[in-house]
Amino acid sequence: MTAARTTDEPITTVAELLDRLERRPDLSVEADLEVTIDGTTVTVRGYEDLVAVDCPSLPSAVDLVRRHRSESMDAAAGLASTGLTAEVRVRGVPLARLGDGATPSGLAGMLGLGPVELVPEGLLLAAVTRRRG
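Just so it is clear, the model here is predicted, and its values are computed rather than measured.

Draft legend 1. Spotlight on the overall build of the chain. Within the chain, the secondary structure is distributed over 5 helices and 6 strands. Per-residue burial over the chain gives 32% buried out of 133 residues. Relative to all contacts within the chain whose residues are 6 or more apart in sequence, the contacts with residues 24 or more apart total 41%. Approximately 8,800 Å² of the chain is accessible, and the part contributed by carbon and sulfur atoms is 57%.

Draft legend 2. The arrangement of helix α2 (residues 58-67) in detail. Regarding α2, the residues found buried are Leu58, Ser60, Ala61 and Leu64. For α2, the arc enclosing every buried residue in end-on projection is 165°, short of the 170-degree limit, so these residues lie on one face. Turned more than 90 degrees off the buried face of α2, the exposed positions are Pro59 and Arg66. The inward-facing, buried residues of α2 abut β1 (29-37), β2 (40-48), β3 (50-55), β4 (85-90), β5 (93-99) and α5 (120-128).

Draft legend 3. How the structure looks around the confidence of the model for the chain. Mean pLDDT over the chain works out to 82, with 89% of the residues at or above the 70 mark. Element-level mean pLDDT values for the chain span from 74 in helix α1 (residues 14-23) up to 94 in β3.

Draft legend 4. Fine view of the sheet that holds β2. Strand order in the open sheet formed by 6 strands is β1-β2-β3-β4-β5-β6, and the pairing between neighbours is mixed. Looking at which strands have only one partner, the edges of the open sheet turn out to be β1 and β6 (117-118). Of the strand pairs in this sheet, β2 and β3 are connected by 5 bridges, and their pairing is antiparallel. Bridge pairing in β3 links Thr43 to Asp54. Of the strands in this sheet, β4 and β5 touch helix α3 (residues 72-81), which is tilted by about 80° from β5.

Draft legend 5. Quick peek at the pattern of salt bridges. Counted under the stated rule, the structure contains 5 salt bridges. Three or more residues are tied together by salt bridges with common partners; here these are Glu87, Arg89, Arg97 and Glu117.

Draft legend 6. Looking closely at a negative patch on the surface. On the surface, Asp26, Glu30, Glu48, Asp49 and Asp100 cluster together to form a negatively charged patch. A relative accessible area of 46% places Asp100 in the partly exposed class.

Draft legend 7. Highlighting a nonpolar patch on the surface. There is a patch of nonpolar side chains on the surface, built from Leu107, Met110 and Leu111 and spanning about 350 Å² of accessible area. Following the sequence through the fold, Leu111 ends up in the loop between α4 (106-110) and β6. Classification of Leu111 by relative accessible area gives partly exposed; the value is 49%.

Basis of the calculations
Residues numbered from 1 in each chain as written. Predicted model: local features only at pLDDT ≥ 70, side-chain atom pairs only at ≥ 80, totals over all residues. Heavy atoms only, no water. Helix = DSSP H or I, 4+ residues; strand = E, 2+ residues; numbered from the N terminus. Buried < 20%, exposed > 50% of the residue type's maximum accessible area, 1.4 Å probe, protein only. Contact = heavy atoms within 4.5 Å. Areas by Shrake-Rupley, 256 points an atom, 1.4 Å probe, with all protein chains shown as cover. Arc of directions from axis to C-beta. pLDDT = per-residue confidence, 0-100. Pairing = 2+ DSSP bridges. Axes fitted to C-alpha atoms, helices over the stretch in contact; angles between N-to-C directions. Salt bridge = Lys/Arg side-chain N within 4 Å of Asp/Glu carboxyl O. Patch = residues over 30% accessible without salt bridge, like charges linked within 9 Å, V, L, I, M, F, W, Y side chains within 5 Å. Lys, Arg positive; Asp, Glu negative; His and termini not counted. Charge placed at Lys NZ, Arg CZ, Asp CG, Glu CD.

Following this line, the structure appears as C-alpha cells:
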C-alpha cells in the first residue's frame with residue numbers, strides 16, 4: 001500500500017497530473033481593474049468564475065482579439081482547467097467567451113480565432129450603439 005501524494009511532490013505520469021487536476025478546486029476571481037493592453041485601456045472585472053474584459057469600442061475589442069488570437073488556445077485551456085470563463089465585452093455587451101463556460105463556435109474557428117464562442121447578437125448590438133455621455 002502506498003501513501004497518498006502531497007501537492008509538493010513532483011508529478012511523474014500523466015495519470016498523476018490528471019488526478020491532481022481533478023482534485024484541485026476551481027478558482028474564484030474578484031477584481032475591479034483598469035488595464036492598458038496594446039495602448040487601449042480596458043476594464044477587467046472578476047465575478048467569481050467569470051472574468052469580464054470590457055473594451056471602450058467595437059474596433060478596440062476586435063483589435064484585442066485579433067492581436068492575441070494565437071494565445072487563445074492556451075488561454076482557453078488554462079481557464080477551462082481552473083473553472084473560469086473570460087468574456088470580451090464592449091460597454092457591457094458580451095461579444096466573445098472562452099474557457100470553461102464557452103462553447104466554441106464554428107465561425108470563430110473559420111476566422112482563425114481559436115476556441116472562442118462568439119455572441120452574434122452582442123456583435124450587432126455593439127456595432128449599432130454608441131457610448132452615452
